[in-house]
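# A structural walkthrough
For reference, the chains in residue letters:
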Amino acid sequence: MLFRNIEIRNFVIADILILVISLLTCFFITPNIFPLLLIQWILINIAIFTLLYYRYLNLSKLALEIDKVLHSSDIHEIAYHKEGELNILGSEINKMIIRINEQTKELSKDKLYLVDSLADLSHQIKTPLTSLILTNTMLLERSTESHIINQLIVQKKMLNRIQ
C-alpha cells in the first residue's frame, strides 16, 4: 500500500542513499560508531514508516468513504472527530455531503412540483381541447363547402397533435 505512492518510493531511495553515504563515511572515519549509526537509522525509519503507514491507512479509509458516497444513493456523513489535516479534509467532505443531501432534497421537491404542475396543466387543457375536437367534428359533418372542409381537416389534425 505504501510503495504504490511515488513519494514513498522517492523517500526510500533517498533514505537508502543517505544510509550508504553515512555508513561509508562513518566506516572510514570513525568505525567504532558504525553499529550505533546503523541502529539509529533503523529506529528512525521504523518510526517514520509507522507514521506513514497510519497516515496512508487513514487516507485509504477516507478514499473508501468517498467512494461509498459516490456510488451509494444513501449518502451518509464520514465520522472524523480528531484533529489534524486528514480530519479537516474529512470535515470538509462532510460539509460537501450535507450540501449534496440538501440539493438532492431540493431537486426531489422541484421534480414533484414539476410533475404536479404538468398534471394540472394537462387536466386544464383536456376540457377545452375536447370541446374544440367535438366542435370541429360537428362542423365537418355539417359543412358542404370544400375550402371550409379542408380548413377543418387541417384544424382536426392540429387538435389531434395537441391531444
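Residues numbered from 1 in each chain as written. Predicted model: local features only at pLDDT ≥ 70, side-chain atom pairs only at ≥ 80, totals over all residues. Heavy atoms only, no water.

## Considerations on the overall build of the protein chain
Each helix and strand in the protein chain was counted, giving 4 helices and 0 strands. If you list the helices and strands of the protein chain from N to C, you get α-α-α-α. Relative to its length of 163 residues, the protein chain is extended, with a C-alpha radius of gyration of 38 Å against a globular reference of 15 Å. Projected onto its principal axes, the C-alpha positions of the protein chain cover 125 × 35 × 15 Å. (Helix = DSSP H or I, 4+ residues; strand = E, 2+ residues; numbered from the N terminus. Rg over C-alpha atoms; globule rule 2.2 N^0.38 Å.)

## What to know about the side chain of Asp15
Positionally, Asp15 belongs in helix α1 (residues 6-29). A distance of 2.9 Å separates the side chain of Asp15 from the side chain of Asn45, its partner in a polar contact. Contacts of Asp15, omitting those with residues within four sequence positions, involve Trp41 and Asn45. (Polar contact = N/O pair within 3.5 Å; in protein donor to acceptor, adjacent residues only side chain to side chain. Contact = heavy atoms within 4.5 Å.)

## A few points about the environment of Phe11
As for its placement among the helices and strands, Phe11 is situated in helix α1. Those residues in contact with Phe11 that lie beyond four places of it in its chain are Asn45, Ile48 and Phe49.

## A look at the pattern of salt bridges
Across all of its chains, the model carries 2 salt bridges by this definition. Of the charged contacts, one joins Glu92 and Lys95 as a salt bridge, the two residues approaching to 3.1 Å between their closest N and O atoms. Of the two residues, Glu92 and Lys95 both sit in helix α3 (residues 85-142), 3 residues apart, roughly one turn of that helix. A relative accessible area of 41% places Glu92 in the partly exposed class. (Salt bridge = Lys/Arg side-chain N within 4 Å of Asp/Glu carboxyl O. Buried < 20%, exposed > 50% of the residue type's maximum accessible area, 1.4 Å probe, protein only.)

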